[in-house]
Amino acid sequence: MSLNTTLCYLEQDGKYLMLHRIKKQQDVNHEKWIGVGGKFEQDESPDECILREVQEETGVTLTDYRCRGVLTFVAAPWETEYIYLYTATGWRGTLLDADACREGVLAWVAKEKVTQLPIWPGDRIFLALLAQDAPFFSLKFVYDGDRLVYAAQDGRPLPLPDENL
């Protein structure tokens, strides 16, 4: 089985809007910091999913966003997840209070400090690609627990990050 999801990093003033996933116990991302997003609903496109999920989790409606790549996330015993990765620089509305999100706590974090937070090791790889404004990419990450054991970009193996936990 597999799961289709979206993930978005809202950007403003050199910061990303990050979600500290602390509210759900049965969560592959529990205690990690990630962008916002979630699972596809029946018959949704990736764009429809990211628009709905960002609105639900943050209270804002995206007006300027783009799909940057597709991530394949393999971490037993969880389902393989295909994640459509987005960034956004425009939205309308007012952000929810930091604690109002049902998934965790929202916080603006300076881009250069994101990798100092508890994140998935593979996130360092795609965050570097986002920082480089890389063209559309496909990444695959295979984990044993929280340890990244395999990474590939566009079908070619990558060296694992030094910060691999």
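Basis of the calculations
Residues numbered from 1 in each chain as written. Predicted model: local features only at pLDDT ≥ 70, side-chain atom pairs only at ≥ 80, totals over all residues. Heavy atoms only, no water. Helix = DSSP H or I, 4+ residues; strand = E, 2+ residues; numbered from the N terminus. Rg over C-alpha atoms; globule rule 2.2 N^0.38 Å. Buried < 20%, exposed > 50% of the residue type's maximum accessible area, 1.4 Å probe, protein only. Contact = heavy atoms within 4.5 Å. Areas by Shrake-Rupley, 256 points an atom, 1.4 Å probe, with all protein chains shown as cover. Lys, Arg positive; Asp, Glu negative; His and termini not counted. Charge placed at Lys NZ, Arg CZ, Asp CG, Glu CD. Phe/Tyr/Trp six-rings, centres within 6.5 Å; stacked < 30°, edge-to-face > 60°. Lys NZ or Arg CZ within 6 Å of the ring centre and 35° of its normal.

Novice: Looking at this model, I keep getting lost on the overall build of the chain. Mind explaining?
Specialist: For the chain, the count of helices and strands is 2 helices and 9 strands. Counting from the amino terminus, the chain carries its helices and strands in the arrangement β-β-β-α-β-β-β-α-β-β-β. A compact globule built from 165 residues would reach a C-alpha radius of gyration of about 15 Å, and the chain, at 15 Å, matches this within 12%. With respect to the principal axes defined by its C-alpha atoms, the chain has extents near 40 × 35 × 30 Å. Counting only residues that meet the buried cut, the chain has 46% of its 165 residues in that class. In the chain, the share of contacts with a sequence separation of at least 24, taken over all contacts with a separation of at least 6, comes to 62%. Total accessible area computed for the chain in this model is approximately 8500 Å², and 49% of it derives from carbon and sulfur atoms. Here the chain carries 17 positive and 26 negative side-chain charges, and the mean point of each set is 3 Å from the other.

Novice: Explanation requested: the packing of aromatic side chains in the structure shown.
Specialist: The relative placement of two aromatic rings is captured by the distance of their centres and the angle of their planes. For the coordinates displayed, the defined rule picks out 8 aromatic pairs. A centroid spacing of 5.3 Å and a plane angle of 65 degrees characterise the contact between Tyr9 and Tyr16, whose relative ring orientation is edge-to-face. Relative to Tyr143, the ring of Phe73 has its centre 5.3 Å away and its plane inclined at 45 degrees; by these criteria the two rings are tilted. Of the two residues, Phe73 is situated in strand β4 (residues 61–75) and Tyr143 in strand β7 (residues 137–144); the sequence distance between them amounts to 70 residues. Put simply, the rings of Tyr9, Tyr16 and Phe126 pair up and form one aromatic cluster. Directly above the aromatic system of Tyr16 lies the positively charged group of Lys111, at a separation of 5.0 Å from the ring centroid.

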